[in-house]
There are 2 protein chains.
Amino acid sequence: MNFLDQLKYDERGLVAVVVQDAETGEVLMLAYANRRALEETLRTGFVHFYSRSRGKLWLKGETSGHRQHLRELRVDCDGDAVLVKVVQEGGACHTGYRSCFYRRLAENTAGAALVEDGEKVFEPGDVYGKG
Amino acid sequence: MNFLDQLKYDERGLVAVVVQDAETGEVLMLAYANRRALEETLRTGFVHFYSRSRGKLWLKGETSGHRQHLRELRVDCDGDAVLVKVVQEGGACHTGYRSCFYRRLAENTAGAALVEDGEKVFEPGDVYGKG
């Protein structure tokens, strides 16, 4: 059976996708994919998602050029989450950081501040325009 | 502002939580948390989730003893996903594997098989009973 038939898609037809840097192990982002996005990821070798806000298939990096080259795909025990290990061009985050998880809780208490703690790899204005 | 007020909870009141081994960088699991689960995680230092299937707060390891000691908490750019780095006791997965992502696509094509490729760290029957 095709593994795409083994996944447990939610009521929107989506599974969660965790993206991890294949070289450093850094977790870069979390997004969602439908069956079509996973098919396109495997067909092209570049990670695709389903954009919940735009309601459409989304090639990561289609605007920025910061594509994610698929190296490895894993599925979790209950089949509703996928882990992809990638070689990331540029940065994964639209803010210019390498990882979308660039904010860290300064201390492990609910009242602590979120501090920026990540590698900035590009200026968003240079990539997406100044608009 | 308390960072728990900055998160974008979905219509069920949940955010996605990616759990990563603080020492090895291995992605261990993906689950969901509500505000209360995050509060309990920070209050106790042990990761809590909200179980969608059981509809209740869930201390990871409450049955198995395989708790996750919080080391670091990060928030993604749009505030609907959290990354926790943990010290994992035993294994994260109820199957006995260290990580829930123990199945790997053998080749990067949709027709390829999922193969088990992970570290088995306990026998489920020993931990959860032979049921």
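In this convention, every chain numbers its residues from 1, walking through the sequence in written order. To label them, take the chains in the order written and letter them from A, then take the ligands in the order written and number them from 1. Only residues with pLDDT of at least 70 get local features here, since the model is predicted, and only at 80 or more are side-chain atom pairs given and counted; chain-wide, interface and lining totals rely on the full set of residues.

### Details of the overall build of chain A
Secondary structure assignment for chain A yields two helices and eight strands. Relative to a compact globule of 131 residues, whose C-alpha radius of gyration would be 14 Å, chain A shows 16 Å and is just as compact. Within the span of chain A, comprising 131 residues, buried residues form 40% of the whole. Segments assigned H or I by DSSP are reported as helices when at least four residues long, segments assigned E as strands when at least two residues long, and all are numbered from the N terminus. We compute the radius of gyration over the C-alpha atoms and compare it with the globule rule, which gives 2.2 Å times the number of residues raised to the power 0.38. Residues with at least 20 other C-beta atoms within 10 Å of their own are called buried, those with 12 or fewer are called exposed, and the rest are partly exposed. The C-beta atoms themselves are positioned from the backbone.

### Topic: the environment of Thr 24 of chain A
All names here are of chain A. By secondary structure assignment, the location of Thr 24 is in the loop between strand 1 (15–21) and strand 2 (27–33). Residue classification places Thr 24 among the partly exposed positions, given that 13 C-beta atoms sit within 10 Å. Once the C-alpha coordinates of Thr 24 and Lys 120 are considered, the two residues, 96 residues apart in sequence, prove to be 16 Å apart.

### Considering the environment of Ala 37 of chain A
Residue and element names in this part refer to chain A. Within the element layout of this structure, Ala 37 appears in helix 1 (residues 35–44). Separated by 20 residues in sequence, Ala 37 and Leu 57 place their C-alpha atoms 6.3 Å apart. If we skip the residues at most four places from it in the chain, Ala 37 touches His 48, Phe 49, Tyr 50 and Leu 57. Residue pairs are scored as contacts if the distance between their C-beta atoms, which are placed from the backbone, is within 7 Å.

### A short note on the sheet that holds strand 5 (residues 68–75) of chain B
If you trace the six strands from one edge of the open sheet to the other, you get 8(A)-7(A)-5(B)-6(B)-1(B)-2(B), paired in mixed fashion. Each of the sheet's edge strands pairs with one partner strand only, and the pair in question is strand 8 (114–116) of chain A together with strand 2 (27–33) of chain B. Averaged over all pairs of adjacent strands, the angle between strand axes in this sheet comes to 30°, irrespective of strand direction. Here a strand pair is declared whenever DSSP counts at least two bridges between the two strands. Where strand 7 (residues 103–105) of chain A lies against strand 8 of chain A, three bridges are found, and the strand directions are antiparallel. Across the sheet, Arg 103 of chain A pairs through a bridge with Glu 116 of chain A, a residue of strand 8 of chain A. Think of each axis as a best-fit line through the C-alpha atoms, taken over the contacting stretch in the case of a helix, with angles from 0 to 180 degrees between the N-to-C directions.

### Description of helix 1 (residues 35–44) of chain B
Residue and element names in this part refer to chain B. Residues Ala 37, Leu 38, Glu 40, Thr 41 and Leu 42 constitute the buried set of helix 1. Where the residues of helix 1 are buried, they touch strand 2, strand 3 (48–51), strand 4 (56–59) and strand 5. Backbone geometry just downstream of helix 1 places Gly 45 in the positive-phi region, at approximately 85°.

### Focus on the nonpolar core
Most often, soluble globular proteins keep nonpolar side chains buried together rather than apart. Buried Ala, Val, Leu, Ile, Met, Phe, Trp, Tyr and Cys residues form a nonpolar core when they are connected through C-beta atoms within 7 Å. In terms of nonpolar packing, the biggest core is built from 72 residues, with Val 17 and Val 18 of chain A together with Val 17 and Val 18 of chain B touching the most fellow members. Once you skip the residues sitting within four places of it in the chain, Val 18 of chain B turns out to touch Val 18, Val 27 and Leu 30 of chain A together with Val 27, Leu 30, Ala 81 and Leu 83 of chain B.

### What to know about the relation of the copies chain A and chain B
Overlaid copies result from least-squares superposition on C-alpha atoms, with residues included only where pLDDT is at least 70 in both. Least-squares fitting of chain A to chain B yields an RMSD of 0.0 Å, with the transformation described by 0.0 Å of translation along the axis and a rotation of 180°. Classification of the inter-copy transformation places it as that of a two-fold axis. Scanning chain A for the C-alpha nearest the rotation axis identifies Gly 25 of chain A, at a separation of 2.8 Å.

### Topic: the sheet that holds strand 5 (residues 68–75) of chain A
The sheet built from six strands is open, its strands ordered 2(A)-1(A)-6(A)-5(A)-7(B)-8(B) with mixed pairing. The sheet is open, and its two edges are formed by strand 2 of chain A together with strand 8 (114–116) of chain B, each paired on a single side. The sheet shows a mean angle of 30° between the axes of neighbouring strands, taken without regard to direction. In the sheet, strand 5 of chain A pairs with strand 7 (residues 103–105) of chain B via two bridges, with the strands oriented antiparallel. Residue Arg 74 of chain A lies in a different strand from strand 7 of chain B, and its bridge partner there is Arg 104 of chain B.

### Topic: the interface of chain A and chain B
Opposite the 35 residues of chain A that make contact, chain B presents 35 residues. Contributions of two or more residues to the side of chain A that touches chain B are made by strand 1, strand 2, helix 1, strand 5, strand 6 (81–88) and strand 7 of chain A. With five residues, strand 5 of chain A is the single largest residue contributor to the side of chain A that touches chain B. Here the residues of the side of chain A that touches chain B are counted per class, giving 20 nonpolar, nine polar and six charged. For this classification, Asp, Glu, Lys and Arg are treated as charged, while Ala, Val, Leu, Ile, Met, Phe, Trp, Tyr, Cys and Pro are nonpolar and the rest, including Gly, are polar.

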